[in-house]
Amino acid sequence: MRRLLVLGGGTAGTMAVSKLRRRLDRRDWQITVIDQDSVHLYQPGLLFIPFGGYQPADVVKPRRKLLPEGVDLVLGEIDRVDPAARVVLLADGQQLAYDYLVIATGTTPRPDQTPGMLGPLWRTSIFDFYTLDGATALASALQAFDRGRLVVQITDMPIKCPVAPLEFTFLAEAYFRRAGVRDRVEIVYVTPLPGAFTKPIASAELGSMLDERKIALESDFLTERIDGDAKALISYDEREIPFDLLVTVPLNMGADFIGRSGLGDELNYVPVDRHTLLSKAHDNIFAIGDASNIPTSKAGSVAHFAVDVFAGNFCQHVAGEPMTGSFDGHANCFIESGDGKGMLIDFNYDTEPLTGRYPVPVLGPFALLKERQANHWGKLAFRWMYWHVLLPGRPIPLPAHMSMAGKHPAGRAAHR
Ligand SMILES: Cc1cc2nc3c(=O)[nH]c(=O)nc-3n(C[C@H](O)[C@H](O)[C@H](O)COP(=O)(O)OP(=O)(O)OC[C@H]3O[C@@H](n4cnc5c(N)ncnc54)[C@H](O)[C@@H]3O)c2cc1C
């Protein structure tokens, strides 16, 4: 029996074992997933919890039920990998040996990495929405907030779903408007990037959407610490941004065991070949999803497109054949913009987000880089797709690679 161990049964790990269980003969391959949590969290749904759109029960399911038959689940915290001995050690003392390892432990918000963040203001005036606890606590805080300065801040890049803080900001603006308190609430968007987003064309578009909504943009702001007494963010270049309510996206990092095992970079992401996802250091280790260092967005859509390519490559690799699949960094992200509308962006390692239609040229139904109701409905429908199509690894008629059909280079896109 050959042993495949998959570390992390989140978005990427679940999709990968769903696909591989069908392809790898059960008489030859034992597949085991290790995860520390018995519950699978649908993270895109966290965005809607602070505004009462979803409740916590809408975004969780038991992890075991989402894994296919013939895949074992071990619940426990991974403490270390010993690549020389080909063994994974858990915090409770268990040891699991492997022939092939797939690291899919994602990335986690780390408020402990910014001095002052976890002080007395944490979850009283400082909230995050990247965790279920944080998003739930923020719902109560937003309900009580009817005047003052809301600051939405990204501590450093890369973060998972880099559009999520912008979406939160647009939704908050609409939320305060609906509550009739918008004129009493000042909103500031603070980012370490030179503009609203990482990609220049989308950044210009999203920047002007902030402008139209009278949301101030504070760019190139690298947060050094939080001054709890002054209730202010302090940057390395000594700028100070006061807040009444801070919604932060803390520094995101790969799992600590990756660093401890000598498998990661300075943020605990696993260096891999960006086209095959094979570790640069070990011929029997792959990293998929947010856990790797590939230069594209950390997003569920990326994990989905990449796993499509990875599954074929893995089967070739273990059969001693050359890997013929080449992942292109394809990402597509819905961006909620408030008032029942949203945008969609589609890009890869080499191509910026462009205007046009997706997935069918001319017909869509989704419009790229434009605010449309259809895009908002697409985002909401995605939850059903996630549980019932993507996680079970069912085929969908969307190519893993970015297609240029129906797209045109965008200048400033008209989004009205
Ligand atoms: C607020 C928010 C909104 C988002 N919106 C979107 C969106 O609209 N579209 C989109 O495409 N993406 C979105 N994302 C991003 C998307 O959810 C992630 O990119 C995706 O889940 C990554 O999958 P993954 O498998 O790499 O990691 P995860 O799904 O996070 O899974 C990692 C797993 O590893 C486990 N794990 C970690 N460390 C250990 C350890 N030491 N021991 C044992 N187990 C461990 C965890 O318990 C977890 O189950 C959003 C994310 C957030 C937070």
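Presented here is a report on the structure given in the accompanying data block. (Residues numbered from 1 in each chain as written. Predicted model: local features only at pLDDT ≥ 70, side-chain atom pairs only at ≥ 80, totals over all residues. Heavy atoms only, no water.)

### Brief notes about the packing of aromatic side chains
Summed over all chains, the structure comprises 18 aromatic pairs. Measuring from centroid to centroid gives 4.8 Å for tyrosine 42 and tyrosine 386, while their planes differ by 50°, and the two rings are tilted. With tyrosine 42 in the loop between β3 (39–41) and β4 (60–62) and tyrosine 386 in helix α8 (residues 373–390), this residue pair connects regions lying 344 residues apart in the sequence. For tyrosine 386, a relative accessible area of 4% translates into the label buried. Considering the side-chain rings of phenylalanine 327 and tyrosine 349, the 6.1 Å spacing of their centres and the 75° angle between planes classify their relative orientation as edge-to-face. (Phe/Tyr/Trp six-rings, centres within 6.5 Å; stacked < 30°, edge-to-face > 60°. Helix = DSSP H or I, 4+ residues; strand = E, 2+ residues; numbered from the N terminus. Buried < 20%, exposed > 50% of the residue type's maximum accessible area, 1.4 Å probe, protein only.)

### Observations regarding the site of the ligand
By nearness alone, 28 residues border the ligand, and Thr11, Ala12, Asp35, Asp290 and Ser301 come closest of all. Between the ligand and glutamine 43, the relevant distance is 2.9 Å, taken from an oxygen atom to a side-chain nitrogen or oxygen of the residue. Backbone polar atom of alanine 299 to an oxygen atom of the ligand: 3.4 Å apart, as the coordinates give it. Considering the ligand on its own, with 1,000 Å² of exposed area, one finds that the protein chains cover 92% of that surface. Residue composition of the shell around the ligand, by class: 11 nonpolar, 11 polar and six charged. (Near = heavy atom within 4 Å. Polar contact = N/O pair within 3.5 Å; in protein donor to acceptor, adjacent residues only side chain to side chain. Areas by Shrake-Rupley, 256 points an atom, 1.4 Å probe, with all protein chains shown as cover. Nonpolar A, V, L, I, M, F, W, Y, C, P; charged D, E, K, R; others polar.)

### Overview of the side chain of arginine 21
Here arginine 21 is to be found in helix α1 (residues 11–23). Notably, arginine 21 is buried but unbridged: the nearest opposite-charge side chain belongs to aspartate 25, and the N-O separation is 6.4 Å. Separated by 3.2 Å, the side chain of arginine 21 and the backbone oxygen of tryptophan 29 make a polar contact. Excluding residues within four positions of it along the chain, arginine 21 makes contact with Arg26, Trp29, Ile31, Pro68, Glu69, Gly70 and Val71. (Lys, Arg positive; Asp, Glu negative; His and termini not counted. Salt bridge = Lys/Arg side-chain N within 4 Å of Asp/Glu carboxyl O. Contact = heavy atoms within 4.5 Å.)

### Side note on the sheet that holds strand β6 (residues 78–82)
Strand order in the open sheet made by the three strands is β6-β7-β8, with antiparallel pairing throughout. A strand with exactly one partner marks an edge of an open sheet, and here the two such strands are β6 and β8 (95–97). Within the sheet, the average angular offset between the axes of one strand and its neighbour, ignoring direction, is 20°. In this sheet, β8 lies alongside strand β7 (residues 87–90) in antiparallel orientation, the contact comprising three bridges. Bridge assignment links leucine 89 to a residue of β8, and that residue is glutamine 95. (Pairing = 2+ DSSP bridges. Axes fitted to C-alpha atoms, helices over the stretch in contact; angles between N-to-C directions.)

### Quick notes on the sheet that holds strand β5 (residues 71–75)
With parallel pairing, the five strands of this open sheet are ordered in space as β5-β2-β1-β9-β20. The strands lining the two open edges of the sheet, one partner per strand, are β5 and β20 (285–287). Here the average twist between neighbouring strands, direction ignored, is 20°. Pairing of strand β9 (residues 100–103) with β20 involves three bridges; the strand directions are parallel. Each bridged residue has a counterpart across the sheet, and for isoleucine 103 the counterpart in β20 is alanine 287. Contacting β1 (2–7), β2 (29–35) and β5, α1 crosses the sheet at an angle of about 170° to β2.

### Remarks on helix α4 (residues 164–178)
A rise of 1.5 Å per residue sets the reference length of α4, with its 15 residues, at 21 Å; its end C-alpha atoms lie 21 Å apart and thus fit the reference within 8%. Counting buried positions along α4 yields 13 of 15 residues, so the element is predominantly enclosed. Positive phi shows up at glycine 180, right after α4, with a value of about 75°. (Expected span 1.5 Å × (residues − 1).)

### Some details on the packing of α4 against helix α5 (residues 200–212)
Two numbers describe how α4 lies on α5: the axes approach to 11 Å, and their chain directions differ by 25°. Considering the angle they form, α4 stands roughly parallel to α5. The two elements α4 and α5 cross, and the hand of that crossing is left-handed. The segment α4 lies against α5, with Leu166, Thr169 and Phe170 engaging Leu206, Met209 and Leu210. (Parallel < 35°, antiparallel > 145°, perpendicular 65-115°, else oblique. Left-handed = near helix turned anticlockwise from the far one by under 90°.)

These values are about where atoms sit, not about what they do.
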